[in-house]
Every structure is written in C-alpha cells, then in structure tokens.
Amino acid sequence: MKKLLAVSVLALALGACAQAPTDSAPGHTTMTADRAAPALDGATLSAYDWRLAEAVDRHGKPVEALRAGLERPLSLSFSDTSLSVQGGCNTQFGGYALESGALRVEGLAATMKACAPELMRLDAEIAVRLKGSLAAQVQGGADAPRLRLTTAGGDVLAFTGVPTPETRYGGPGETVFLEIAPDRVACSHPLIPGHRCLRVRERRYDAAGVLQPPAADWQPLYQPIEGYEHRDGEHAILRVKRFTDPHPPADRSSRVYILDLVVQR
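Quick caveat: nothing in here was measured; it's all calculated off a predicted structure.

1. Considerations on helix α4 (residues 117-129)
If you check α4, its first and last C-alpha atoms are 19 Å apart, about what 13 residues at 1.5 Å a residue would give, namely 18 Å. What α4 keeps buried is the set L119, L122, D123, I126 and R129. When α4 is viewed along its axis, its buried side chains cluster within an angular range of 135 degrees and face the same direction. The exposed set on the far side of α4, more than 90 degrees from its buried face, consists of P117, R121 and V128. Here the buried face of α4 lies against α3 (67-71), β3 (82-86), β4 (92-98), β7 (132-139) and β9 (156-163).

Now the structure itself:
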C-alpha cells in the first residue's frame, strides 16, 4: 500500500512538472517590472511630463554638463508627433518618431531668449544628446514609469514620468483667461483661519487678439492656481487650463486651475 501511494505521488509530481511552462516554452511570459511597464508609444509618452532624474556616461559616471538639468529639473513633453524640452533657458521643440525600440528626434528648433550662461550651456548640451536615433525603453509601472534614453555617444538619460493634468483628470480641460487683481481678499476656509483668496474674473480676446471689456465682476478664488505664485500688489492676466476633479478633497472645489501662460503681468 505504501509503495502504491509513493508511485501515485511521484506520478502527480511528474505530471505537474510536465505541465509547468519553461522560459523556452512557446507563449510563456514572466511577470517582471519591465513586462508590466507601459508600452513605448505616443500615447504613453504624451501621458506624462518626463523629468530628468539621472544622466550618466558610458562608464556610469555622472554627466557634469547636465547637472543643472537635474537640479531644475529639465523635462520632456510629447504630443503625438512632436516633443518639447523645458528647463533650460529656451524651450526647444521638434518632431519625433518611434522605430523598433528607438526614439528618432528631428532637428530641434528653439525660442530665442537670452539667459544666464549656465542655462544657455544646458540648452546646448541637451540638444547635442537629443539628436538622431536614441535607444528608448519605458520601465516601471504606469504609476511611476521611467523613460530611459541612450544617446549615440553612450550617455544614458533617465526621466521620471509625472502624469500630465490631462492624464490626472481624464480629459483635455478647458482653456480660459483669468484676470488676477493686485490684492487678495479675506475669505472663509474650513481648515485655514484668516484665509485670503485671489480675486479673479474671466476675460476674453476677440479673433484679432484684442482684449474685450470684462463681462463679470471680481470673484474670490478659494483654490490655488497650480504653477502660479502671486505677488501682492501685482496685476496679471493668465491663460489657464480648467479641469474637473472627479474626486476632490473635502476642503476643495471640484474645479482645478493650472497655469498655462502668463499673458500679462
């Protein structure tokens, strides 16, 4: 009886081994961090702002010429067919294409602003590296992906993906112009005693770009405008993206404002 039981157990074990897939078995996949990463495609690239987190040369040593890009940090933004580089002196922009695990960057153009010498050098250093065909890979999960680019010279640039507002709020948002009054006003806040709000009103421009007379009174804005820091006594007109947060905090409105451009200050 003991021999029969041992044979049965051995048969079951051998059967399980026969059914277990191996790495060489057709169709076998292994769940790793890289396999779970988002695909390297236009949809993934455009869903994040990619902030420079590491820059090393072919020997693994830090690229000193890009140190300022780590501190600011320098970032890449993608649309379906174009990319832009921010964080240096000027915004650089150009076309790109994805080709079998490579990111091909067309010649970058740039705005023509003058800045401190170190920022001008940063623009030049990143432009030299973001040229031609770069080996590209997206690593990590969708919540915190990393874009790894290897340049023709062997430098490895690693960027951390931060979801864009469009990704965070599930849509493109609405572009509006807000006029900001010079002084804040007292306003009630459930968690902040003595809270003071910006005073804002929407403004419109006609087809020729001429600012139209205001059509609404000043209103307190209880939430901040992401990316905008108000200086008391300063008047401004901002172009902002307005989103709806489907799950706002208890002390916040469902409306979210994110700075797109300072039109007038």
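2. With respect to the state of the cysteines
For the structure on display, the rule yields 2 disulfides. The disulfide partner of C89 is C115, and the gap between their sulfur atoms is 2.1 Å. Handedness here is read from the sign of the S-S torsion; for C89 and C115, about 75 degrees, the answer is right-handed. Note that C89 is positioned in the loop between β3 and β4 and C115 in the loop between β6 (109-110) and α4, a separation of 26 residues in sequence.

3. Here's the deal with the nonpolar core
Residues F78, L149 and F159 are the most contacted members of the largest nonpolar core, which totals 27 residues. Listed by contribution, the elements that provide at least two residues to this core are β1 (48-56), β2 (75-78), β3, β5 (102-105), α4, β7, β8 (146-150) and β9. No other element matches β1, which puts 4 residues into this core. In this structure, V176, I180, L198 and V240 belong to the second largest nonpolar core, which totals 12 residues.

4. Considering the confidence of the model for the protein
Across the protein, the average pLDDT comes to 86, with 86% of residues at 70 or higher. Ignoring residues within four places in sequence, the model shows residues 1-35, a span with pLDDT below 50, making 10 contacts including any to other chains.

5. Some points on the pairing of β1
Looking at chain direction, β1 and β9 are connected through 8 bridges and run antiparallel. Bridge pairing in β9 places W50 opposite G161. With 3 bridges joining them, β1 and β2 adopt antiparallel strand pairing. In the strand pairing of β2, R51 is matched with S75.

6. Details of the environment of L66
On the secondary structure map, L66 appears in the loop between β1 and α3. The exposure class of L66 is buried, given its relative accessible area of 1%. Considered as a pair, L66 and V56 are 10 residues apart in the sequence and their alpha carbons are 9.2 Å apart. Ignoring any residue separated from it by four or fewer positions in sequence, one finds L66 in contact with L52, A55, L122, E125, I126, R129 and L157.

7. Brief notes about the packing of aromatic side chains
On inspection of all chains with the given rule, the structure shows 4 aromatic pairs. A centroid spacing of 5.1 Å and a plane angle of 85 degrees characterise the contact between F78 and Y96, whose relative ring orientation is edge-to-face. Of the two residues, F78 sits in strand β2 while Y96 sits in strand β4, which places them 18 residues apart along the sequence. For F78, a relative accessible area of 8% puts it in the buried group. Seen from the ring of W218, R199 lies directly overhead, with NZ or CZ sitting 5.3 Å from the centre.

What counts, and where the lines are drawn
- Per chain, the residues get numbers from 1 upward, laid out in the order the sequence is written.
- In view of the model being predicted, local features appear only for residues whose pLDDT reaches at least 70, and side-chain atom pairs are presented and counted only at 80 or more, with totals across whole chains, interfaces and linings using the full set of residues.
- Note that water and hydrogens are dropped before the side-chain values are worked out from all heavy atoms of the structure.
- The way it works is that DSSP assigns letters per residue, a run of H or I at least four long becomes a helix, a run of E at least two long becomes a strand, and they are numbered from the N terminus.
- For a helix, the expected span equals 1.5 Å multiplied by the residue count minus one.
- Using a 1.4 Å probe on the protein chains alone, a residue whose accessible area is under 20% of its type maximum counts as buried, one over 50% counts as exposed, and one in between counts as partly exposed.
- What the arc describes is the spread of directions from the helix axis to the C-beta atoms.
- Should any heavy atoms of two residues lie within 4.5 Å, those residues are counted as being in contact.
- In this description, the term disulfide denotes a pair of cysteine sulfurs within 2.5 Å.
- We define the nonpolar core as a collection of buried residues of types Ala, Val, Leu, Ile, Met, Phe, Trp, Tyr and Cys that are connected through side-chain atoms lying within 4.5 Å of one another.
- A residue's pLDDT is simply how confident the predictor is in it, with values from 0 to 100.
- Strand pairing follows a simple DSSP-based rule, namely that at least 2 bridges must link the two strands.
- Aromatic rings from Phe, Tyr and Trp, with only the six-membered ring used for Trp, were paired whenever their centres fell within 6.5 Å, and each pair was classed as stacked if the ring planes differed by under 30 degrees, edge-to-face if by over 60, and tilted otherwise.
- The criterion is that NZ of a Lys, or CZ of an Arg, lies within 6 Å of the ring centre and within 35 degrees of the ring normal, and then a charge sits over that ring.

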